[in-house]
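Coordinate analysis (summary)
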Protein chains: 2
Amino acid sequence: MAGTDHRREATDGPQPVVVLVRPQMGENIGTTARAMLNFGLTRLRLVAPLCGWPNAKAVNAASGASVVLNEVELFDDTRAAVADLHRVFATTARPREMVKPVFTGDAAGRELRERLTGGERVGVLFGPERTGLENDDVARADAIVSIPLNPGFASLNLAQAVLLVAYEFHRAHDTTPPLRAADALEPAAKADVDRLLADLVALLDDTSFFRSPDRRDKRIQDLEMLLHRRELQQVELQTLRGVIKGLVQRGRFRSV
Amino acid sequence: MAGTDHRREATDGPQPVVVLVRPQMGENIGTTARAMLNFGLTRLRLVAPLCGWPNAKAVNAASGASVVLNEVELFDDTRAAVADLHRVFATTARPREMVKPVFTGDAAGRELRERLTGGERVGVLFGPERTGLENDDVARADAIVSIPLNPGFASLNLAQAVLLVAYEFHRAHDTTPPLRAADALEPAAKADVDRLLADLVALLDDTSFFRSPDRRDKRIQDLEMLLHRRELQQVELQTLRGVIKGLVQRGRFRSV
């Protein structure tokens, strides 16, 4: 991947700025870069990193995502880091008593998307690993993002918190269909399934499967029920035909 | 937190089983346990862990989530690990050409939720860290879950993949409102805002703010526009009153 400009893989259009406020460990800055780039985010700002900058541990931990670190912007305080932004979200593990609305992750993803689409510059603040954001930092935000977690164990690390926010932002404008049919194969049309069924029934006539004439219609219906709701693919019909043929052969040439 | 039974914090109701197939590093089993417990998931199965079991690195990495490891179930192969399940999802970084429908993360979260609510037992397979699931493993699944990632950098670690699936399952039944008003404070009613406005206007009469009589109505309207859309809280009205009072005092006692 040497020489690949990952910025070309950055998400289409404007993106939110990720702001790490006084991060404590270089390694976490690196893992944050990786978390961001998974979802095409490349704009990272650091506020007075406690671990110092530049930082070799960050570079090591970033590995293939070091392009994010190459473009990182440094600031002395949170005020400066958000000065050019129009809307700021502050992440907290537990919402505090403050005059700020609290968004869930997915609502925040949509809000970030809408604001950006409207031409505003947005950012998301993440606090120091052990202590989280100070009230002074949160005061600067328009709203809080709080991912609902297990109250008995709410312990996301920094990269995971960034990952979830990045994921929700990405999802808010991702057009992947929720459910895609299996790749590269063709579904069988109902007539093809009926053809298989008719051939099967013909083979089973005069066998014990149709135990008695009055049960025959019911058993055929059972087979119809079974086959038609299976979303069978063309190739699978071929597989089934092969099985049917093999079974008949067995009966013909060997005693069961 | 010693002695706290985290199982009591487990998600209400039935939950999907997380199955790690041939995990390579003990540490990743531990971080998986942490990722799961953040969203109240506690049912973990290991298939032929390459790192061996029991595993001290897993226990260390799990830290406060070791309750998940205490209940882990071991299996020799994937077939045995999913034998009692009704529906299985296989996670892959890149969807393969197979006869499996492909769900996005959020569609899978909803599907898991619906299946469980319907009384079915469900599980999600995660493959070895470097190589992912084998075709034999995927063959056993009903469907694939594929999180749409940056094609130029798709590099989630095992715990992150588990985290995103756990997050989506949790979100599919989480009832947290998307947007909650700020905590513990009371919004001001419109009449209260109007009262502040009227007092402000009275103070500004005969000042340069109302530069000319014909501009007065427009300026009052500007103030109304400004104040009424700010979702002001009761306490904020008090703050503003204090500011107003202070400014008047300044004018009274000192030259501006």
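Small disclaimer: the values here were computed from a predicted structure and weren't measured. (Residues numbered from 1 in each chain as written. Chains lettered and ligands numbered in written order. Predicted model: local features only at pLDDT ≥ 70, side-chain atom pairs only at ≥ 80, totals over all residues. Heavy atoms only, no water.)

**A short note on the interface of chain B and chain A**
Worth spelling out the cut-off: Any two residues whose heavy atoms approach within 4.5 Å are treated as being in contact. When two components associate, each loses some accessible surface as probed by a 1.4 Å sphere; the sum of these losses over both components is called the buried area. Basic side-chain nitrogens of Lys or Arg form a salt bridge, by our definition, when they fall within 4 Å of a carboxyl oxygen of Asp or Glu.
Between chain B and chain A, the residue contacts involve 56 residues of the former and 55 residues of the latter. When the two sides are added together, the surface that chain B and chain A hide from each other amounts to roughly 4,400 Å², 58% of it contributed by carbon and sulfur. Of all residues in chain B, the largest losses of buried area upon contact with chain A belong to Asn38, Phe153 and Tyr167 of chain B, amounting jointly to 15% of the total for that side. Our count for the chain B to chain A interface comes out at 4 salt bridges. A salt bridge links Arg171 of chain B to Asp106 of chain A; the shortest N-O distance between them is 2.7 Å.

**Some words on the sheet that holds strand E7 (residues 143-145) of chain A**
For clarity, the cut-off: Pairs of strands are assigned from DSSP output, requiring at least two bridges between the strands. Helical segments are the DSSP runs of H or I of at least four residues, strand segments are the runs of E of at least two, and each set is numbered from the N terminus. The angle between two axes is taken between their N-to-C directions and runs from 0 to 180 degrees, where each axis is a line fitted to C-alpha atoms and a helix contributes only its stretch in contact.
Strands sit in the order E3(A)-E2(A)-E1(A)-E6(A)-E4(A)-E7(A)-E5(A)-E8(B) across an open sheet of 8 strands; the sheet is mixed. Each of the sheet's edge strands pairs with one partner strand only, and the pair in question is strand E3 (73-75) of chain A together with strand E8 (179-180) of chain B. Running over the sheet, helix H7 (residues 158-173) of chain A touches strand E1 (17-21), strand E4 (87-91) and strand E6 (122-126) of chain A and is turned about 155 degrees from E6 of chain A.

**Some words on the pattern of salt bridges**
Using the following cut-off: Partly exposed residues are those whose accessible area sits between 20% and 50% of the maximum for their type, while under 20% is buried and over 50% is exposed, using a 1.4 Å probe and protein chains only.
Throughout the structure, instances matching the rule amount to 29 salt bridges over all chains. Where Asp199 of chain B meets Arg241 of chain B, a salt bridge forms, and the shortest distance between an N and an O atom there is 2.8 Å. Of this pair, Asp199 of chain B sits in helix H8 (residues 190-204) while Arg241 of chain B sits in helix H10 (residues 234-253); the two residues are 42 residues apart in sequence, bridging distant segments of the chain. Judged by relative accessible area, Asp199 of chain B falls into the partly exposed class, the value being 35%. Via salt bridges that share partners, Asp106, Glu168 and Arg171 of chain A together with Asp106, Arg110, Glu168 and Arg171 of chain B belong to a single interconnected network.

**What to know about the relation of the copies chain B and chain A**
Here is the rule: Superposing the copies works by least squares over the C-alpha atoms of residues that have pLDDT at least 70 in both of them.
When chain B is fitted to chain A, the best match, at an RMSD of 0.1 Å, comes from turning it 180 degrees and sliding it 0.0 Å along the axis. This pairing of chains is accounted for by a two-fold axis. Of the residues that chain B buries at the interface, 98% are likewise interface residues in chain A, meaning the two copies contact each other through the same surface.

**Some points on the packing of helix H1 (residues 26-38) of chain B against helix H7 (residues 158-171) of chain B**
Residues and elements named next belong to chain B. Short version of the rule: Should an angle fall under 35 degrees it is called roughly parallel, over 145 degrees roughly antiparallel, and 65 to 115 degrees roughly perpendicular, with every other angle called oblique. Definitions for this section: a left-handed crossing has its near helix turned counterclockwise from the far helix by less than a right angle. A right-handed crossing has that turn clockwise. Residue type decides the class: Asp, Glu, Lys and Arg count as charged, Ala, Val, Leu, Ile, Met, Phe, Trp, Tyr, Cys and Pro as nonpolar, and the leftover types, Gly among them, as polar.
H7 packs onto H1 with a crossing angle of 20 degrees between their chain directions and a minimal axis gap of 8 Å. The angle between the axes of H1 and H7 places the two elements in the roughly parallel class. H1 and H7 meet at a crossing whose hand is right-handed. Between H1 and H7, the residues in contact are Asn28, Thr31, Thr32, Ala35 and Met36 and Leu158, Ala159, Val162 and Leu163, respectively. Of the residues assigned to the contact of H1 with H7, the class counts are 6 nonpolar, 3 polar and no charged.

**Brief notes about the layout of surface pockets**
Quick note on the threshold: A cavity here means a set of 1 Å grid points, computed over protein atoms only, where a 1.4 Å probe fits but cannot escape. A pocket is an open set with protein on both sides within 12 Å along at least 5 of 7 lines, and lining residues have an atom within 4 Å of a point. Grid points are joined across faces, edges and corners, and a volume is the space filled by probe spheres set on the points.
Of the pockets and cavities examined, the second largest pocket occupies roughly 830 Å³. If you go around the second largest pocket, you meet 25 residues; those closest to its centre are Pro101 and Asp142 of chain A together with Arg229, Arg230 and Glu231 of chain B. Of all the secondary-structure elements, those providing two or more residues to the lining of the second largest pocket are E4 and helix H5 (105-117) of chain A together with E8 and H10 of chain B. Along the lines of polarity and charge, the residues of the lining of the second largest pocket split into 13 nonpolar, 2 polar and 10 charged.

**A few points about the pairing of strand E1 (residues 17-21) of chain B**
Residues and elements named next belong to chain B. Across the 5 residues of E1, 5 count as buried, placing the element largely inside the fold. Because side chains alternate across E1, one face comprises the buried residues Val17, Val19 and Val21, and the other comprises Val18 and Leu20, equally buried. Judged from the 4 bridges that link them, E1 and strand E6 (residues 122-126) form a sheet pairing that is parallel. Considered in E6, the bridge of Val19 is made with Leu125. Pairing between E1 and strand E2 (residues 44-47): 4 bridges, direction parallel. Considered in E2, the bridge of Leu20 is made with Leu46.

**Comments concerning the domain arrangement of chain A**
Just so we agree on the cut-off: These domain limits were set by an automatic method or by a database of domain assignments.
Splitting chain A by domain gives domain 1 (8-171) and domain 2 (190-250). One C-alpha centre belongs to domain 1 of chain A, the other to domain 2 of chain A, and the line joining them spans 58 Å.

**Topic: the packing of helix H5 (residues 105-117) of chain B against H7 of chain B**
Packed helices, taken two at a time, are described by the angle their axes make and the gap between the axes. Residues and elements named next belong to chain B. At a closest axis distance of 8 Å, the pairing of H5 and H7 adopts a crossing angle of 55 degrees. Judged by the inter-axis angle, H5 sits oblique to H7. With respect to the hand of their crossing, H5 and H7 are arranged in right-handed fashion. Mapping the contact onto sequence places Gly105, Asp106, Gly109, Leu112, Arg113 and Leu116 in H5 and Val165, Glu168, Phe169 and Arg171 in H7.

**Considering the packing of aromatic side chains**
The test is simple: Between the rings of Phe, Tyr and Trp (Trp by its six-membered ring), a pair exists once the centres lie within 6.5 Å; its type follows the angle of the planes, with under 30 degrees stacked, over 60 edge-to-face, and the other angles tilted. As a reminder, the over-ring test applies to NZ of lysine and CZ of arginine, requiring each to be within 6 Å of the ring centre and within 35 degrees of the ring normal.
With the rule as written, the count across this model stands at 7 aromatic pairs over all chains. For the ring pair Phe89 of chain B and Phe103 of chain B, a centre distance of 5.2 Å and an interplane angle of 75 degrees mean the geometry is edge-to-face. Of this pair, Phe89 of chain B sits in strand E4 (residues 87-91) while Phe103 of chain B sits in strand E5 (residues 102-103), and the two are 14 residues apart along the sequence. Phe103 of chain B carries the same exposure label as Phe89 of chain B, and that label is buried. Summarising the aromatic geometry, the rings of Phe209 of chain B and Phe210 of chain B are spaced 5.3 Å apart at their centres and angled 65 degrees between planes, so their arrangement reads as edge-to-face. Classification of Phe209 of chain B by relative accessible area gives partly exposed; the value is 23%. Within the aromatic cluster, the residues linked to one another by ring pairs are Phe39 and Tyr167 of chain A together with Phe39 and Tyr167 of chain B. The ring of Phe210 of chain A has Arg216 of chain A lying over it, and the distance from NZ or CZ to the ring centre is 5.2 Å. Over the ring of Phe209 of chain B we find Arg219 of chain B, and its NZ or CZ is 4.3 Å from the ring centre.

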